[in-house]
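# Structure assessment
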Amino acid sequence: MGEMSTGQIAIVILTTGLVIVFAVLVLLILIIKLYSTAVHTAQKKRRGTDDIETTVASVSQRHSLPSPEPVSAAPAAANDISPEIVTAICAAVYALYGEETPILSVRRAATRTGSRSAWRQAGAYSNTRPF
Amino acid sequence: MFQEFLTAITDILKSSGFATSDWQNYVMIGISCVLLYLAIKKQFEPLLLLPIAFGMLLVNVFPGIMAEPTAQANGGLFYYLYRGVKLGIYPPLIFLGVGAMTDFGPLIARPSSLLLGAAAQLGIFITFIGALALGFDPKAAASIGIIGGADGPTAIYVTSKLKPELLGPIAVAAYSYMALVPVIQPPIMRAMTTKKERCIVMEQLRPVSKLEKIMFPIIITVLISLLLPDATPLVGMLMLGNLMRESGVVSRLSNTAQNELMNIITIFLGVTVGATATGKVFLSSQTIKIIVMGLIAFCIGTAGGVLFGKLMCKATHGKVNPLIGSAGVSAVPMAARVSQKVGQADNPSNFLLMHAMGPNVAGVIGSAVAAGVLLSILG
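Residues numbered from 1 in each chain as written. Chains lettered and ligands numbered in written order. Predicted model: local features only at pLDDT ≥ 70, side-chain atom pairs only at ≥ 80, totals over all residues. Heavy atoms only, no water.

## Section: the overall build of chain A
What chain A contains, in helices and strands, is 3 helices and 2 strands. Element order for chain A, N to C, with α for helix and β for strand: α-β-α-β-α. As presented, chain A carries roughly 10,200 Å² of accessible surface, and 62% of it is formed by carbon and sulfur atoms. (Helix = DSSP H or I, 4+ residues; strand = E, 2+ residues; numbered from the N terminus. Areas by Shrake-Rupley, 256 points an atom, 1.4 Å probe, with all protein chains shown as cover.)

## Digging into the confidence of the model for chain A
Residue and element names in this part refer to chain A. Averaged over all residues, the pLDDT of chain A is 73; the fraction at 70 or higher stands at 63%. In the model of chain A, strand 1 (residues 76-77) stands out as the element of lowest mean pLDDT, 63, in contrast to helix 2 (residues 83-97), which has the highest, 83. Note that residues 64-72 has pLDDT below 50 and, in this model, 0 contacts with residues that lie over four places away or in other chains. (pLDDT = per-residue confidence, 0-100. Contact = heavy atoms within 4.5 Å.)

## Some points on helix 1 (residues 2-15) of chain B
The terminal C-alpha atoms of helix 1 of chain B, which comprises 14 residues, lie 20 Å apart, in line with the 20 Å expected from a rise of 1.5 Å per residue. Counting buried positions along helix 1 of chain B yields 0 of 14 residues, so the element is predominantly exposed. (Expected span 1.5 Å × (residues − 1). Buried < 20%, exposed > 50% of the residue type's maximum accessible area, 1.4 Å probe, protein only.)

## Observations concerning the interface of chain A and chain B
In this assembly, 33 residues from chain A lie in contact with 51 residues from chain B. With both chains or domains summed, chain A and chain B bury close to 3,700 Å², and 82% of this area falls on carbon and sulfur atoms. Connecting chain A to chain B are 0 salt bridges. Linking chain A with chain B are 4 residue pairs in polar contact (both at pLDDT 80 or more). At the level of elements, helix 1 (6-64) and helix 3 (118-128) of chain A are the ones that each hand at least two residues to the side of chain A that touches chain B. (Buried area = accessible area lost by both parts, 1.4 Å probe. Salt bridge = Lys/Arg side-chain N within 4 Å of Asp/Glu carboxyl O. Polar contact = N/O pair within 3.5 Å; in protein donor to acceptor, adjacent residues only side chain to side chain.)

## Digging into the pattern of salt bridges
Residue and element names in this part refer to chain B. Going through the model one piece at a time under the given rule, you end up with 9 salt bridges over all chains. The partner of D103 in a salt bridge is K213, and the shortest N-O contact between them spans 3.3 Å. A residue pair is termed long-range when its members are at least 10 positions apart, and D103 in the loop between helix 7 (90-101) and helix 8 (105-109) and K213 in helix 16 (residues 210-227) qualify at 110 residues. Under the relative-accessibility criterion, D103 is labelled partly exposed at 26%. Among the residues examined, K213 registers a relative accessible area of 19% and is labelled buried. The salt bridge involving R198 is made with D346; its shortest N-O contact spans 2.5 Å. Placement of the pair is R198 in helix 15 (residues 195-198) and D346 in helix 21 (residues 334-346), with a sequence separation of 148 residues.

## A few points about the environment of L352 of chain B
Residues and elements named next belong to chain B. One can find L352 in the loop between helix 21 and helix 22 (353-378). Residue classification places L352 among the buried positions, given a relative accessible area of 0%. For the pair L352 and S16, spaced 336 residues apart in sequence, the C-alpha separation works out to 57 Å. Discounting chain neighbours no more than four positions away, the residues touching L352 are I200, M202, N321, L323, I324, S339, Q340 and G343.

## Here we look at the packing of aromatic side chains
All names here are of chain B. All told, the structure shown has 6 aromatic pairs over all chains when counted by the stated rule. The ring of Y79 carries the charged tip of R83 above its face, separated from the ring centre by 4.1 Å. Residue placement shows K289 over the ring face of F136; its charged tip is 5.8 Å from the ring centre. (Phe/Tyr/Trp six-rings, centres within 6.5 Å; stacked < 30°, edge-to-face > 60°. Lys NZ or Arg CZ within 6 Å of the ring centre and 35° of its normal.)

## Re the packing of helix 13 (residues 167-179) of chain B against helix 14 (residues 181-192) of chain B
All names here are of chain B. The N-to-C vectors of helix 13 and helix 14 enclose an angle of 65°; their axes lie 5 Å apart at closest approach. Residues Y177, M178 and A179 of helix 13 lie in contact with helix 14, whose contacting residues are V181, P182 and I184. A class-by-class count of the residues in the contact of helix 13 with helix 14 yields 6 nonpolar, no polar and no charged. (Axes fitted to C-alpha atoms, helices over the stretch in contact; angles between N-to-C directions. Nonpolar A, V, L, I, M, F, W, Y, C, P; charged D, E, K, R; others polar.)

Structure representation (structure tokens):
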């Protein structure tokens, strides 16, 4: 570096820096996609095996037990919670946890008197925590 | 006896700060008060700007607080605390806490976000050229350019290794611009995108499994450390924090990293970095150049990310909203919130926050890689 002119140093750092940063991150993309696919495939296969076992078990059960009542699709909700709010909560849980988490009921959390609501506390914490 | 009393008073006055300070110290005291006002009243990154400003105040009222030890006396308080900065200890520990607080799920769900994180580092290298043109030497130019990564710990780490004399102005510039992200970015984002592009609604991200989130930090650490060993302290600690979070088996350690450790290191880092801002270093034309170049670095980084976002939008036939490109600067999570806000201004039902978090956290990795490149070439 000592023998090069300022212009040469500038060109070398610019090209080397951008090329290396992009190359490393492109390599990371490929590796993330590779291992994500591998994990996804392995988990899908395992879920497939579990599903087959569950189906076999339920078929053998059906022969011995009367058929159960159909499960209600909508979770039981408290009377004062509107269907739109229940729908929004269900969508949020699905987005976070996927299909594996069924929602059985929705009810209001206990309200505290004389203190900040949970949302306000979460907002205050989020805005004041260090970074 | 009266004479001795007068002599004692005179000696005390002669050793006081009023006798030993010069005009530069008083100007710096004024500047530190302005920064304290910005931190407390305007809430400009107060968690770091407040300790930085107070460290600046302390060193200018009592320069001995940073004094080196001599044969006759110990060094000042901040001299010993500053060892953590000089030896490159504090920034990696900050990254440990950052990793423990970060969810890399949106990045794993859409790995192409890493490209946006890479594009946003354009500001670092373009500013490097500009700083060279202004007469800075390569190490100083690299320290100034790294402000464009919008990553405080990375900027401090690189500067402490390459040009520690410029730590004060660079740290103040870096954290001030990070606080100004909601002001600096939106005009650039609006100027570089059309309304149609800003209104693009992106597909929901796929769910990411726990195993993927656990493997991610291990793979990233191994890969980047082998390719760029100089980036290992930063990337390694970032990924260690993340692994502690995602593994779920060391919640005590994860909580400590996110809270107590971060707070302690933030205090030590802030006051000691601020204490490097003496009048001699800060009150020079060099500082004004650093502040201007830092702003340019930020703007170019934002523009680079948005431009690459537009490229990805074209390549995916309109599936990617270019606004998330600006989140490739690593000011987490402010830059992602800015993308959300600007997108919602044109399309109120557009929720870009989680889509923008991918490039945002990718920018943290990207700026650490860029730092590793600069350190390996110039260190």
